[in-house]
Every structure is written in structure tokens, then in C-alpha cells.
Amino acid sequence: MLYNRGRMQTEFLIVGQGLAGTTLAWRLLERGRSFVIVDRDEAVTCSRAAAGLVTPVTGLRLTLNWRYDALHPEAVRFYREKEGLLGGRFYHPRPLVRLLKTEEEAAHWQRRRHDERVRRYIHPTPPEPLVDEHCIANPLGGFQQRHAGFLDTAAFLDASRGHFQALGCWRRGEVREDEIEIDESRACWAGGSFGTVVFCQGWEAARSRWFSWLPFDPARGTILTLRGDVGETRRIINRGCWLVPRGDGLIRAGSTYEMRFDRPHEADAREVDALLAKLHAVMKTGFEVVSEQTAVRPVIKWRNAMIGRHPAHPQLAIFNGLGSKGVLRAPFIARRLTEHLLDGTALDSEFDVQANL
Ligand SMILES: Cc1cc2nc3c(=O)[nH]c(=O)nc-3n(C[C@H](O)[C@H](O)[C@H](O)COP(=O)(O)OP(=O)(O)OC[C@H]3O[C@@H](n4cnc5c(N)ncnc54)[C@H](O)[C@@H]3O)c2cc1C
């Protein structure tokens, strides 16, 4: 049992079992270290709501995702290893069709497509026509990306939790900051003694007494599950919004991106209407909305992630800022944090919490 209640000290207390907490727990396990991971076990969280997309060429500017050449193989290897251990299938490689929305975007793509770094992710001979035009509107054409896919995040988190539970190092509960006592060498919570507490709380760290000084910029998002026809069972389609066929007749579609919000789990009707309008513009044969989920992305301004020890309390650390790209980034960032915590390896200033002082 890795979690030693009472007298012996456990090395790490991980607060939160989203993608951040889960990947960190796996990285610590790979190094044979002791931890307990505590999670509220909510039905809808950011990691559970996520479509789980991993996409090479993204955004309005059609740029290559941050460090994709290194992060993509590391992420695929990580999820495949866990599938082997847990006996499930969580990561699904899928071609991704990006349809161009405006004349301006189409012109931009004509320039971008010659960029060598982007070209290696573009399929040289995509199907003709690119999409089934009975179902999908495609007035401006597009391109097909390879080395993309999606993670079934809920299945990955559930299977990981089962594994951690079997090892005796997962606990349902809430870690309240006022229940944590810190002295020079350790932190105590609920009768346990820990070398380091790592906060993997997602956007709620924006309210933390220890970490709220970071430039948090959380963004609420709503994702829909649809019944409809996109003429595909495998490829992901993106035209102003993305459509992920799940292979069971259902399609995940999204999402909204709202930086001003009061209620984290309530969708904004106007934002959802705007998303529905985009979906109607692309799905010619209509659709039925089966369900919707709303959650908040942990975004930190100008950063792709933020990790490290608290500058004044080294017994406290954070893993946050995965933004909209947690599936791709988490395995790499979790490894870097683990190397930092265990070996003292310096962090890149790009994601070092202390470089933000
Ligand atoms: C609509 C939507 C679509 C998305 N689509 C994608 C996508 O396609 N691809 C992609 O890569 N990313 C996507 N994301 C982003 C992705 O979900 C995030 O990057 C990632 O989930 C962040 O993980 P996290 O562990 O930091 O936070 P969270 O998932 O929020 O996890 C935090 C966990 O900590 C728990 N917790 C918090 N405080 C406490 C406490 N005090 N005690 C105990 N437990 C606590 C919470 O209950 C939760 O389980 C999407 C997000 C949204 C909202």
C-alpha cells in the first residue's frame, strides 16, 4: 500500500484527479513513489467534459500546436502504456478534416500549407470530395490532418482511479486549504503527513490562498452530444466548431469559450445558441441535441501550463494551466514536474511558476 495512514510520511498528497492529478499520479507511480490522491468525484468536471481532441494544426491562424513534434509522440506513448496496464482503449487516433470558414481563412491556408513544419501533418492524398457533401456544407474546401485523435477522458480517468484505489492511494473527499497545516519539512492533512502537497485543482486554484496570484483566466465551455449524420464514423470534422463521431451514432460537438461567467456549471443560452447556429451551418441534415455539459478550463494567461513549488512554502506545489489542450500537454508536463520534484531538475521558464514572480 502506497498510502501510509498515521505514523509514516507519504511523499505526496495530490489534490484533484483531473487530467493533471491523474497524469502526475502515474508519473510518480512510474518512479515508485508514495502518494495519495484526493478528489471530490464530481460527475461533471473539466477533464470529464472534454472532447479529448489532440490536433496538430489549430486556431484561427492555423499554426502548429505548442511543441507538437515532441508532445504528440510522448502523449500517445503514455496513453498506450496505460491502456496496456489497465486493459482498456482510451486513445483513438483519427484523421481530422479542417474545413475553411471564410475567404480570408482560405487565403491564409494557401500560404500556411507550404510551411514545412505544418506540411508533415497534412494528408497528401485526402478523399475526393473531402467530406460527404450530402451531410456537410463545404463551400471553401479544406485539408485533412494526420497524427490527430481523441482521448476518451472519462474512461481514462475512471480506469486510472480504479487502479489507484486498488493500490490504496485514492480517496474521495475535499481537501480544504484551512485543514492543511504546514511546517518547515512537511504538510499535514486529515491525520496524514506529506512531504509535498500538489494542487491539481483545475480552475478553482484561481481562488487559492496560496496560488491566486498567478494570472488565471479561466474559460467556461459547453459541449453538446448530438444525434445526427455527418457521413462519417471515424474522421473528426472542424468548421468553426468540431464534430467528433463516437462510432455509436452519437456525435460530440463543441464548444463555447466564455471568459466572463458567474456559474461554472451552467451554460449561457446565448453562447449555446451561437454554437447551435454554427452546427446548423455545417450539418445539412439537421440534428437532435441529446445532452450538454458545461465546465471551466484552467487557463493561465500567456502560458501553456504552470508548475512548480510555491516560492515561500516549498511543501506546496501546483500543476495547472492546461487550458484547452490538457490531453496533449498533461503527460509531458507531469513528467517535467515529477523530475523537478524528485530530482531537482530545473523547469523551463515557460511553465515554471517561480518565473512568474
Ligand atoms: C467544453 C470543454 C471542451 C474541452 N475539450 C478539450 C479537448 O478537446 N482537448 C483537450 O485536450 N482539452 C479539452 N478541454 C480542456 C481540458 O479539459 C483541460 O485542459 C483539462 O481537463 C484540465 O485538467 P485539470 O486536471 O487541470 O482540471 P480539472 O479537470 O478541473 O480537474 C480538477 C479536479 O480537482 C478536483 N478538485 C478541485 N478542488 C478540489 C479540492 N479542494 N479537493 C478535492 N478535489 C478537488 C475537481 O473536482 C476535479 O476533479 C476542454 C474543456 C472543456 C470545458
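Residues numbered from 1 in each chain as written. Predicted model: local features only at pLDDT ≥ 70, side-chain atom pairs only at ≥ 80, totals over all residues.

**So, the overall build of the chain**
Working step 1: Each helix and strand in the chain was counted, giving 8 helices and 20 strands.
Working step 2: What you see for the chain is a C-alpha radius of gyration of 21 Å, in line with the 21 Å of a compact globule of 357 residues.
Working step 3: Within the span of the chain, comprising 357 residues, buried residues form 43% of the whole.
Working step 4: Intrachain contacts of the chain at a sequence separation of at least 6 include 74% that bridge at least 24 residues. (Helix = DSSP H or I, 4+ residues; strand = E, 2+ residues; numbered from the N terminus. Rg over C-alpha atoms; globule rule 2.2 N^0.38 Å. Buried ≥ 20, exposed ≤ 12 C-beta atoms within 10 Å, placed from the backbone. Contact = placed C-beta atoms within 7 Å.)

**Digging into helix 6 (residues 153-166)**
Working step 1: Its 14 residues place the ends of helix 6 20 Å apart at the C-alpha level, agreeing with the 20 Å of an ideal helix rising 1.5 Å per residue.
Working step 2: Residues of helix 6 that are buried include every one of Thr153, Phe156, Leu157, Ser160 and Phe164, and no others. Within helix 6, the buried residues cover an arc of 95 degrees as seen down the axis, which keeps them to one side.
Working step 3: Positive backbone phi, approximately 80 degrees, marks Gly168, located one or two places after helix 6. (Expected span 1.5 Å × (residues − 1). Arc of directions from axis to C-beta.)

**A word on the domain arrangement of the chain**
Working step 1: Examined at the domain level, the chain breaks down into domain 1 (10-48 + 154-215 + 301-356) and domain 2 (95-146 + 219-297).
Working step 2: For domain 1 and domain 2, the distance between their C-alpha centres works out to 32 Å.
Working step 3: Each side of the interface is counted separately: domain 1 has 6 residues, and domain 2 has 5 residues.
Working step 4: Residue composition of the side of domain 1 that touches domain 2, grouped by class: 3 nonpolar, 3 polar and no charged. (Domains from an automatic or database assignment. Nonpolar A, V, L, I, M, F, W, Y, C, P; charged D, E, K, R; others polar.)

**What about the site of the ligand?**
Working step 1: The environment of the ligand is made up of 40 residues, and the closest members are Gly16, Gly18, Gly202, Gly221 and Gly326.
Working step 2: Sorting the residues of the shell around the ligand by element identifies helix 1 (19-30), strand 2 (35-39), helix 2 (46-49), strand 14 (219-228), strand 18 (287-297) and helix 8 (326-343) as the ones contributing at least two each.
Working step 3: Partitioned by chemical class, the residues of the shell around the ligand number 17 nonpolar, 16 polar and 7 charged.
Working step 4: A domain split of the shell around the ligand shows at least three residues from each of domain 1 (10-48 + 154-215 + 301-356) and domain 2 (95-146 + 219-297). (Near = placed C-beta within 6 Å.)

**Digging into the sheet that holds strand 8 (residues 142-145)**
Working step 1: Spatially, the 7 strands line up as an open sheet ordered 8-7-15-16-17-14-18, and their pairing is mixed. The two strands at the open ends of the sheet, each matched to only one other strand, are strand 8 and strand 18. The mean angle between the axes of side-by-side strands here comes to 20 degrees, regardless of whether they run parallel or antiparallel.
Working step 2: Here strand 14 pairs with strand 17 (residues 250-254) via 5 bridges, running antiparallel. Along strand 17, the bridge assignment pairs Thr225 with Arg252.
Working step 3: Docked against the sheet, helix 7 (residues 269-282) engages strand 14, strand 17 and strand 18, running at close to 45 degrees with respect to strand 14. (Pairing = 2+ DSSP bridges. Axes fitted to C-alpha atoms, helices over the stretch in contact; angles between N-to-C directions.)

**Focus on the packing of helix 3 (residues 68-86) against helix 8**
Working step 1: Contact geometry of helix 3 with helix 8 gives a least axis separation of 8 Å together with a crossing angle of 85 degrees. Relative to helix 8, helix 3 is oriented roughly perpendicular. Contacts between helix 3 and helix 8 involve Leu71, His72, Glu74, Ala75 and Phe78 from the former and Val327, Leu328, Arg329, Pro331 and Phe332 from the latter.
Working step 2: Here the contact of helix 3 with helix 8 is built from residues that sort into 7 nonpolar, 1 polar and 2 charged. (Parallel < 35°, antiparallel > 145°, perpendicular 65-115°, else oblique.)

**Structural notes on the pairing of strand 2**
Working step 1: Across the 5 residues that make up strand 2, a large majority, 5, are buried.
Working step 2: Burial along strand 2 is two-sided: the residues Phe35, Ile37 and Asp39 and Val36 and Val38 are all buried.
Working step 3: Inspection of the sheet shows strand 1 (residues 10-15) paired to strand 2 by 4 bridges, in the parallel sense. Along strand 2, the bridge assignment pairs Phe12 with Phe35.

**Structural notes on unusual backbone geometry**
Working step 1: The omega angle of the peptide bond from Glu128 to Pro129 is -5 degrees, so this bond is cis rather than trans.
Working step 2: Note that Pro129 resides in the loop between helix 5 (116-119) and strand 8.
Working step 3: With an omega dihedral of -15 degrees, the bond running from Gly254 to Ser255 counts as a cis peptide bond.
Working step 4: Even without being glycine, Arg67 reaches a positive phi, approximately 55 degrees.
Working step 5: You can see Arg67 is positioned in the loop between strand 5 (63-64) and helix 3.

**A few points about the environment of Pro93**
Working step 1: With respect to the helices and strands, Pro93 occurs in strand 6 (residues 91-93).
Working step 2: For Pro93, a count of 12 C-beta atoms within 10 Å puts it in the exposed group.
Working step 3: Along the sequence, Pro93 and Glu174 sit 81 residues apart, while their C-alpha atoms lie 35 Å from each other.

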